[in-house]
2 protein chains.
Amino acid sequence: MAKGKATILERCAAIGLRMTKQRRVLAQVLESADDHPDAEEVYRRAHEIDGSISLATVYRTVKTFQEKGILDRLEFGDGKGRYEDAKREHHDHFFNLDTGEVIEFYDPEIEALQERISKRLGFRLVGHKLELYGVPVPPKK
Amino acid sequence: MAKGKATILERCAAIGLRMTKQRRVLAQVLESADDHPDAEEVYRRAHEIDGSISLATVYRTVKTFQEKGILDRLEFGDGKGRYEDAKREHHDHFFNLDTGEVIEFYDPEIEALQERISKRLGFRLVGHKLELYGVPVPPKK
DNA sequence: CTAATTGCAAAGCGTTTGCAGGATC
DNA sequence: GATCCTGCAAACGCTTTGCAATTAG
């Protein structure tokens, strides 16, 4: 994760965040996550490492990290926020409707096309979110 | 709205939903909406027409309509559900970050490209969500 | 008449926050 | 030592639900 870039911990330090025990644990948990955990799941993983971490701190920390651009907050439609390291390569998400699995993908054509559409609409593209939903071919059953 | 297709009311009837006064009002409100109202806003508009409608009924109705494929539920990241007639032409959403305005657009190239990406990943595309975020060019101020 | 639908108020769920104690710089 | 951070529990905003009354078919 964090291909060749600063770790979450380093980025925290770089912007002058106070490095508490809890933040260190959460930074590690979030850095080593290669999925998209919700707050409860982040809490679960952090709690295994340090039983003193509270859910409130998880919420406060992911919010701080997100505001500082360290984390991205995703929404997968179940009403819960999901978090991922903002410094990973840009990608979009493909949802396997049969299994619930989330596949990350990147396509330069899509990226370029979105730029063109934005220009056509009279805007400068600042960000985007693309989610595809599909079923395996040939179907699972 | 509902280009050449059945109205919400007609679609309700077609699937055998009981047509109550409240559902008639909500069908009308939702059909004539060309934006993306949240439940509270749907309630406000419906309440103007018929003061006896409750917020609970709005929630129950939009959920029923959504389950029956009459409405699409959208999430714009503020934690509230937004609703739009599912029978309108397919489109994606562009967010003007300066004004909060939401522009609907459709691009056949994007649609085709998504199909190709899905195939490449080994899936049959069932649905998608694309949101673009940008600022006006030249910038507003 | 029977089953579906409603309004109300209470509950549910994910998230935020006030506060007093505790840790960091 | 001043400030920032934490845990706890209470509060929050959106949504759902139990219930008894009402209404559609």
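Calculation notes
Residues numbered from 1 in each chain as written. Chains lettered and ligands numbered in written order. Predicted model: local features only at pLDDT ≥ 70, side-chain atom pairs only at ≥ 80, totals over all residues. Heavy atoms only, no water. Contact = heavy atoms within 4.5 Å. Salt bridge = Lys/Arg side-chain N within 4 Å of Asp/Glu carboxyl O. Polar contact = N/O pair within 3.5 Å; in protein donor to acceptor, adjacent residues only side chain to side chain. Helix = DSSP H or I, 4+ residues; strand = E, 2+ residues; numbered from the N terminus. Buried < 20%, exposed > 50% of the residue type's maximum accessible area, 1.4 Å probe, protein only. Near = heavy atom within 4 Å. Nonpolar A, V, L, I, M, F, W, Y, C, P; charged D, E, K, R; others polar. Phe/Tyr/Trp six-rings, centres within 6.5 Å; stacked < 30°, edge-to-face > 60°.

*Asks:* How should the interface of chain A and chain B be read in this particular structure?
*Replies:* A common way to express how large an interface is: the accessible area buried when the components associate. Every contact between the two is made by 34 residues of chain A and, on the other side, 34 residues of chain B. Taken together, the connections running from chain A to chain B amount to four salt bridges. Between Glu109(A) and Arg116(B) there is a salt bridge, with the nearest N and O atoms lying 3.7 Å from each other. On inspection of chain A and its partner chain B, the count reaches 12 residue pairs in polar contact (both at pLDDT 80 or more). Going through the elements one at a time, β3 (92-96), β4 (102-105), α5 (108-121) and β5 (123-136) of chain A are the ones with two or more residues in the side of chain A that touches chain B. Broken down by element, the side of chain A that touches chain B gets its largest block of residues, 14 residues, from β5(A).

*Asks:* Can you walk me through the side chain of Glu84(B) in this structure?
*Replies:* Residues and elements named next belong to chain B. Here glutamate 84 shows up in strand β2 (residues 81-85). With relative accessibility at 7%, the residue glutamate 84 sits in the buried group. Polar contacts involving the side chain of glutamate 84 include one to the side chain of histidine 36, which spans 3.2 Å. For glutamate 84, the side chain forms a polar contact with the side chain of histidine 91, separated by 3.3 Å.

*Asks:* What am I meant to see in the protein's contact with DNA strand C here?
*Replies:* Surrounding DNA strand C, one finds 21 residues, the nearest of these being Tyr59(A), Arg23(B), Ser52(B), Ser54(B) and Thr57(B). Within the contact set of DNA strand C, a sugar or linking oxygen lies 3.0 Å away from a side-chain nitrogen or oxygen of Arg18(B). One nitrogen or oxygen atom from the side chain of Ser54(B) is found 2.7 Å from a phosphate oxygen belonging to DNA strand C. Of all elements in the fold, only α4 (55-67) of chain A together with α2 (21-32) and α4 (55-67) of chain B reach the threshold of two or more residues within the surface near DNA strand C. Considering every element that reaches the surface near DNA strand C, the biggest residue donor is α4(A), with four residues.

*Asks:* I tried to follow the protein's contact with DNA strand D on my own but got confused; where do I start?
*Replies:* Contacts to DNA strand D come from 21 residues, most closely from Arg18(A), Arg23(A), Ser52(A), Thr57(A) and Tyr59(B). What you see for DNA strand D is that sugar and phosphate hold 66% of its atoms within 4 Å of the protein. Between a base nitrogen of DNA strand D and a side-chain N or O atom of Arg60(A), the distance comes to 2.6 Å. Arg18(B) places a polar side-chain atom, nitrogen or oxygen, 3.1 Å from a base nitrogen of DNA strand D. Of all elements in the fold, only α2 (21-32) and α4 of chain A together with α4 of chain B reach the threshold of two or more residues within the surface near DNA strand D. At four residues, α4(B) tops the list of elements feeding residues into the surface near DNA strand D. Counted by class, the surface near DNA strand D contains six nonpolar, seven polar and eight charged residues.

*Asks:* When you look at the packing of aromatic side chains in this model, what are you seeing that I'm missing?
*Replies:* Under the definition given, this model contains six aromatic pairs over all chains. With 4.6 Å between their ring centres and 40° between their planes, Phe123(A) and Phe94(B) make a pair best called tilted. With Phe123(A) in strand β5 and Phe94(B) in strand β3 (residues 92-96), this pair bridges two chains. On the accessibility criterion, Phe123(A) (10% relative accessible area) is buried. An aromatic cluster of at least three residues, connected via ring pairs, comprises Phe76(A), Phe95(A) and Tyr133(A).

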